[in-house]
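As a plain string of letters, each chain reads:
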Amino acid sequence: AVVKVISRDGAVHRVSLLVNQVRAPGEARIVYDRIAKVARQFLNISVFDAGSIPADDNVAMAVRKRMPFSIAFPRCPATQSIANLAIRLEQGVATNLQPSGFFQRMTKFFRRT
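Scope of this entry: the structure provided in the associated data block. Sequence order sets the numbering: in each chain, residues are counted from 1 along the sequence as written. Thresholds applied to this predicted model are a pLDDT of at least 70 for local features of residues and 80 or more for the giving and counting of side-chain atom pairs; totals over whole chains, interfaces and linings are not thresholded and use all residues. Hydrogens are left out, water is left out, and the side-chain values use all remaining heavy atoms of the structure.

Quick look at the overall build of the chain
In this text, helices come from DSSP runs of H or I with a minimum length of four residues, and strands from runs of E with a minimum of two, each type numbered from the N-terminal end. On a plain count of helices and strands, the chain comes out with 6 helices and 2 strands. When the helices and strands of the chain are placed in sequence order, the string is α-β-α-β-α-α-α-α. In this scheme, a residue with accessible area under 20% of its type's maximum is buried, one over 50% is exposed, and one in between is partly exposed, where area comes from a 1.4 Å probe on protein chains only. Relative to its 113 residues, the chain shows a buried fraction of 27%. Once local pairs closer than 6 in sequence are excluded, the contacts in the chain between residues at least 24 apart make up 56%. Counting every atom, the chain has about 7900 Å² of accessible surface; 56% of that belongs to carbon and sulfur. Here, two residues are considered to be in contact whenever any of their heavy atoms come within 4.5 Å of each other. Values of accessible area rely on a 1.4 Å probe in the Shrake-Rupley scheme; residue burial ignores everything except the protein chains shown.

Points about the pairing of strand β1 (residues 14–22)
In short, DSSP must find at least two bridges between two strands for them to pair. As paired strands, β1 and strand β2 (residues 46–54) are joined by 7 bridges and run parallel to one another. Counted as the bridge partner of leucine 18 is glycine 51 from β2. For the crossover from β1 across helix α2 (residues 27–43) to β2, the handedness is right-handed. By convention a crossover is right-handed if, when the strands point away from the viewer, the path from the first strand over the helix to the second runs clockwise.

Considerations on the environment of alanine 72
Among the secondary structure elements, alanine 72 is positioned in helix α4 (residues 69–72). When the C-alpha positions of alanine 72 and asparagine 58 are compared, they lie 8.4 Å apart, and in sequence the two are 14 residues distant. Residues in contact with alanine 72, not counting those within four places in the same chain, are Ala62 and Met67.

Written out as structure tokens, the structure is:
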């Protein structure tokens, strides 16, 4: 539904998809493949595979602590996935990123931990 709303004005022809709370290695690929196929077929939109974030009990524990999981559990699988995404974005996986800004700060933060 979000892809459809984004594509309504016709200006967007490429969207990135990050699959969250993945329980098995192949689950993210199945979700991505289905969404990409429908977006391409019915909306004429290319969907970029931005990766996935694994289901991680540490995220729920951080919520109960009222802390960002990346600070409460800097070495947990979800935090590591976010760090890897930030590094990929900084290296140019996303085409329109500026060399400074949010993603650069996130990458520096995760490299410290």
